[in-house]
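Now for the letters of each chain:
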Amino acid sequence: MTSVTEWLDSLPENDRKVLSRVRALIRKNLPKGYEEIMYAGKIAGYVIPLSRYPKTYNKQPLHYVAFAKQKNFYTLYMMGPYGNPASRKHLEDGFRKAGKKLDMGKSCVHFKSLDDLPLDVIGENIASIPVDKFIEAYEDSRLK
């Protein structure tokens, strides 16, 4: 798949509905400067394009947030909470206050339905890191 729309259109109806809502949430809250891409034909992502920041360790765009359909659940990949303790705390506190269980690895939030997510908290978290701040955090992490 070469576009997010094409990929979503190829999914079964329920998966398409869930992931279309996730996409809309991300796009509504995404700070300016991130770009939507598809990679591996199965993951939709939002990155800082190489035209904006080419100095990455792997010569790939800096990935900020992404989403995918797994076999038994959906995944929302969030680099903000992964690399920023305050962002992680915001996410954990938001899930707790909403009475929802946070099923998260390092950057992956797993969920089986939209009811598993406090959408307002996810949106706030995505909106909280503008491109320049994300680049600064990336550069700081490379110095360690």
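In case you missed it, the structure is sitting above this.
Comments concerning the packing of helix α4 (residues 85-97) against helix α5 (residues 119-127)
Helix packing geometry: the angle between the two helix axes and the distance between the axes.
In step 1: Running from N to C, α4 and α5 point in directions that differ by 170 degrees, and their axes come no closer than 9 Å. The pairing of α4 with α5 is recorded here as roughly antiparallel in orientation. Packed against α4, whose contacting residues are Ser87, His90, Leu91, Gly94 and Phe95, the element α5 presents Val121, Ile122, Glu124 and Asn125 at the interface.
In step 2: Among the residues making up the contact of α4 with α5, the classes are represented as four nonpolar, four polar and one charged.

Some remarks on the sheet that holds strand β2 (residues 43-48)
Within a sheet, neighbouring strands are paired by backbone hydrogen bonds and run either parallel or antiparallel to one another.
In step 1: Read from one edge to the other, the open sheet built from five strands follows the order β1-β2-β3-β4-β5, with strand pairing classed as antiparallel. With partners counted over all chains shown, the strands left at the sheet margins are β1 (35-39) and β5 (108-111), one partner each. Going from strand to strand, the sheet's axes swing by 20 degrees on average, the running direction of each strand aside.
In step 2: Each of β2 and β3 (62-69) touches helix α6 (residues 131-143); the most contacted strand, β3, lies at about 105 degrees to it.

Points about the pattern of salt bridges
In step 1: Per the stated rule, a full pass over the model turns up seven salt bridges.
In step 2: The partner of Asp132 in a salt bridge is Arg52, with the nearest N and O atoms 2.2 Å apart. Here the residue Asp132 occupies a position in helix α6, and Arg52 occupies one in the loop between β2 and β3, the gap between them amounting to 80 residues.
In step 3: Taking relative accessible area as the criterion, Asp132 reaches 51% and is therefore assigned exposed.

Observations regarding the packing of aromatic side chains
In step 1: For the structure on display, the rule yields six aromatic pairs.
In step 2: Aromatic side chains Trp7 and Phe67 sit 5.7 Å apart centroid to centroid with 45 degrees between the ring planes, which places their arrangement in the tilted category. With a gap of 60 residues between them, Trp7 in helix α1 (residues 4-10) and Phe67 in strand β3 connect regions that are remote in the sequence. Each member of the pair, Trp7 as well as Phe67, is classed as buried.

Here's the deal with the side chain of Asp15
In step 1: As for its placement among the helices and strands, Asp15 is situated in helix α2 (residues 13-29).
In step 2: Lys69 provides the closest opposite charge to the buried, unpaired Asp15, separated from it by 4.2 Å.
In step 3: The contact partners of Asp15, leaving out residues within four places of it in the chain, are Lys69 and Tyr74.

Remarks on α6
In step 1: When the terminal C-alpha atoms of α6 are compared, their 19 Å separation across 13 residues agrees well with the 18 Å that a helix rising 1.5 Å per residue should span.
In step 2: If you check which residues of α6 are buried, you get Val131, Phe134, Ile135 and Tyr138. In an axial view of α6, the angular spread of the buried residues amounts to 100 degrees, which keeps them on one side of the axis. Turned more than 90 degrees off the buried face of α6, the exposed positions are Asp132, Glu136 and Leu143.

So, unusual backbone geometry
In step 1: Phi angles above zero are rare outside glycine, and Lys59 is one such case at about 60 degrees.
In step 2: Within the secondary structure, Lys59 sits in the loop between β2 and β3.

Conventions used here
Residues numbered from 1 in each chain as written. Predicted model: local features only at pLDDT ≥ 70, side-chain atom pairs only at ≥ 80, totals over all residues. Heavy atoms only, no water. Axes fitted to C-alpha atoms, helices over the stretch in contact; angles between N-to-C directions. Helix = DSSP H or I, 4+ residues; strand = E, 2+ residues; numbered from the N terminus. Parallel < 35°, antiparallel > 145°, perpendicular 65-115°, else oblique. Contact = heavy atoms within 4.5 Å. Nonpolar A, V, L, I, M, F, W, Y, C, P; charged D, E, K, R; others polar. Pairing = 2+ DSSP bridges. Salt bridge = Lys/Arg side-chain N within 4 Å of Asp/Glu carboxyl O. Buried < 20%, exposed > 50% of the residue type's maximum accessible area, 1.4 Å probe, protein only. Phe/Tyr/Trp six-rings, centres within 6.5 Å; stacked < 30°, edge-to-face > 60°. Lys, Arg positive; Asp, Glu negative; His and termini not counted. Expected span 1.5 Å × (residues − 1). Arc of directions from axis to C-beta.

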